[in-house]
Amino acid sequence: MSFRKVVRQSKFRHVFGQPVKTEQCYDDIRVSRVTWDSTFCAVNPSFVAIIVEASGGGAFLVLPLHKTGRIDKSYPTVCGHTGPVLDIDWCPHNDHVWQIPENGLSQPLTEPVVVLEGHSKRVGIVAWHPTARNVLLSAGCDNVVLIWNVGTAEELYRLEGLHPDLIYSVSWSRDGSRFCTACKDKSVRVIDPRRGTVVAEKERAHEGARPMRAIFLADGKIFTTGFSRMSERQLALWDTENLEEPMGLQELDSSNGALLPFYDPDTNVVYVCGKGDSSIRYFEITEEPPYIHFLNTFTSKEPQRGMGWMPKRGLDVSKCEIARFYKLHERKCEPIIMTVPRK
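Fair warning: this is a prediction, and the values are worked out from it, not measured in the lab. (Residues numbered from 1 in each chain as written. Predicted model: local features only at pLDDT ≥ 70, side-chain atom pairs only at ≥ 80, totals over all residues. Heavy atoms only, no water.)

### Quick word on the overall build of the protein chain
Alright, step 1. When helices and strands are counted, the protein chain shows 0 helices and 25 strands.
Alright, step 2. Computed over C-alpha atoms, the radius of gyration of the protein chain comes to 20 Å, within 12% of the 20 Å expected from 2.2 N^0.38 for 343 residues, which places it in the range of a compact globule.
Alright, step 3. For the protein chain, buried positions account for 53% of its 343 residues.
Alright, step 4. Counting contacts in the protein chain only where the partners sit at least 6 residues apart, residues at least 24 apart contribute 50% of the total. (Helix = DSSP H or I, 4+ residues; strand = E, 2+ residues; numbered from the N terminus. Rg over C-alpha atoms; globule rule 2.2 N^0.38 Å. Buried < 20%, exposed > 50% of the residue type's maximum accessible area, 1.4 Å probe, protein only. Contact = heavy atoms within 4.5 Å.)

Okay, here's the thing in structure tokens:
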């Protein structure tokens, strides 16, 4: 009697990654060498923003998408920071939130539109609210989460005492009513910002000591990346109604770069990019066991320093594009297009 392994049929099984031609890359960019586990890149349908090396403070480049090729060393940056820039995010409701002219900067941007002061240590995470305009979350190395009204520069909520250690990642739920965090104490927490309370918590979500990440999925489940006690990289899926055991848990490999997850709610596909890896793995999240289904891997030669992710409204759907990454090398940014070819 013989058994055949049944491969789950998925319309996303045939997602193909394709790097663009050399002339469509952004060349001669000195990507930041800061060791913080950030993506270092943020993209919207008008601009790509990249955190770069800068003397005397932090800076990032903001390039119109069409400005490809070699970027001149004297190209103006956004440089009104006194320390290194650790994280970067475009507002989903306003592509010009830094008041960048349509054709890009013609001179350095040193004056901020607004300054938000409230953290006692450096800020490592910023995340715009998905549904409310002008609402921004920031998390600092003081283990405090602040929620701001950027329009009026006022602090809306200060969430202290919920995290005993460094916060590694923050992710809003789809409607913005809650957010989840991954903390250095190995706990994943779901927080109601209005009440200022932890509504669910999973201790030791991943046993390893290296950084974890947690993101909310469209149906309210949480997807995490982390490390096992033996330092193997892991993915897990959690039901916030019952965090006792993961719904699904997979071990990937024993590399030591933090795994950055990117989620597409329309296709329910999670893309996982490891810092220092030269690959992007992708998985479909489904309702039936084992819940996390490996689809494929896109591999290239050079390791990635960081990764940007184009929102769905910036994709070329006429070319069957379902995702687009902006991969940071040491000296350039390379767009990678993910497509599902028509039959």
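### Digging into the sheet that holds strand E3 (residues 41–43)
Alright, step 1. Pairing is antiparallel in the open sheet, where 3 strands are placed in the order E3-E4-E5. In the strand order of this sheet, the two ends are held by E3 and strand E5 (59–64), each with one partner. Direction aside, the axes of adjacent strands within the sheet are offset by 15° on average.
Alright, step 2. The pairing of E3 with strand E4 (residues 47–52) spans 3 bridges and is antiparallel. Directly across from Cys 41, in E4, lies its bridge partner Ile 50. (Pairing = 2+ DSSP bridges. Axes fitted to C-alpha atoms, helices over the stretch in contact; angles between N-to-C directions.)

### Focus: the nonpolar core
Alright, step 1. Counting residues in each nonpolar core, the largest one holds 37 residues, and the members touching the most others are Ile 29, Val 48, Ile 50 and Tyr 326.
Alright, step 2. Of all the secondary structure elements, the ones that give two or more residues to this core are E3, E4, E5 and strand E24 (321–328).
Alright, step 3. Not counting chain neighbours up to four residues away, the residues in contact with Val 48 comprise Tyr 26, Cys 41, Ala 42, Val 43, Leu 61, Val 62, Leu 63, Leu 65 and Tyr 326. (Core = buried A, V, L, I, M, F, W, Y, C linked by side-chain atoms within 4.5 Å.)

### Concerning the side chain of Asp 142
Alright, step 1. Relative to the assigned elements, Asp 142 resides in the loop between strand E8 (135–140) and strand E9 (145–149).
Alright, step 2. Despite being buried, Asp 142 has no salt bridge partner; Arg 158 is the closest side chain of opposite charge, sitting 5.5 Å away.
Alright, step 3. A distance of 2.9 Å separates a polar side-chain atom of Asp 142 from the backbone nitrogen of Ser 120.
Alright, step 4. Here Val 144 takes part through its backbone nitrogen, which lies 3.2 Å from a polar atom of the side chain of Asp 142.
Alright, step 5. If sequence neighbours within four positions are ignored, Asp 142 has contacts with His 119, Ser 120 and Lys 121. (Lys, Arg positive; Asp, Glu negative; His and termini not counted. Salt bridge = Lys/Arg side-chain N within 4 Å of Asp/Glu carboxyl O. Polar contact = N/O pair within 3.5 Å; in protein donor to acceptor, adjacent residues only side chain to side chain.)

### Concerning empty space enclosed by the protein
Alright, step 1. Summed over all chains, the structure comprises 1 cavity of 30 Å³ or more.
Alright, step 2. What the largest cavity holds in volume is close to 40 Å³.
Alright, step 3. Around the largest cavity, the lining residues are Tyr 168, Cys 183, Lys 184, Lys 186, Gly 208, Ala 209, Arg 210 and Met 212.
Alright, step 4. For the lining of the largest cavity, the class distribution of residues is 4 nonpolar, 1 polar and 3 charged. (1 Å grid on protein atoms, 1.4 Å probe; cavity = no way out; pocket = protein on both sides within 12 Å on 5 of 7 lines; lining within 4 Å. Points joined across faces, edges and corners; volume = space filled by probe spheres on them. Nonpolar A, V, L, I, M, F, W, Y, C, P; charged D, E, K, R; others polar.)

### Let's talk about the side chain of Thr 339
Alright, step 1. Turning to its location among the elements, Thr 339 is positioned in strand E25 (residues 332–339).
Alright, step 2. When neighbours within four sequence positions are excluded, Thr 339 is seen to be in contact with His 14, Val 15, Phe 16, Lys 319, Cys 320, Glu 321 and Ile 322.

### Brief notes about the packing of aromatic side chains
Alright, step 1. In the structure shown here, the tally under the stated rule is 10 aromatic pairs.
Alright, step 2. Ring geometry for Tyr 26 versus Tyr 326: centroids 6.5 Å apart, planes at 40°, classification tilted. Of this pair, Tyr 26 sits in strand E2 (residues 26–27) while Tyr 326 is found in strand E24, placing the two residues 300 residues apart along the sequence. For the pair formed by Tyr 26 and Tyr 326, the shared burial category is buried.
Alright, step 3. A network of ring pairs unites the aromatic residues Phe 262, Tyr 271, Tyr 282, Trp 309 and Phe 325 as a single cluster.
Alright, step 4. A cation over a ring is seen here: Arg 210 above Phe 227, with NZ or CZ 5.8 Å from the ring centre.
Alright, step 5. Taking the ring centre of Phe 40 as reference, the NZ or CZ of Lys 275 above it sits at 3.9 Å. (Phe/Tyr/Trp six-rings, centres within 6.5 Å; stacked < 30°, edge-to-face > 60°. Lys NZ or Arg CZ within 6 Å of the ring centre and 35° of its normal.)

### Considering the pattern of salt bridges
When their charged atoms lie close together, side chains carrying opposite charge are able to pair.
Alright, step 1. For the structure shown, the criterion picks out 21 salt bridges.
Alright, step 2. Among the ionic pairs, Glu 207 bridges to Arg 229, the shortest N-O distance being 3.3 Å. Taken together, the residues span a long stretch of sequence, with Glu 207 in the loop between strand E14 (197–202) and strand E15 (213–216) and Arg 229 in the loop between strand E16 (222–227) and strand E17 (233–238) at a distance of 22 residues.
Alright, step 3. Classification of Glu 207 by relative accessible area gives partly exposed; the value is 27%.

### Here we look at the sheet that holds E16
Alright, step 1. In space, the 4 strands of this open sheet follow the order E15-E16-E17-E18, with antiparallel pairing throughout. Single-partner strands in this sheet number two, and they are E15 and strand E18 (248–251). Here the strands of the sheet are splayed against their neighbours by 15° on average, with no regard to which way each runs.
Alright, step 2. Pairing of E17 with E18 involves 4 bridges; the strand directions are antiparallel. Note on E18: the bridge partner recorded for Gln 234 is Glu 251.

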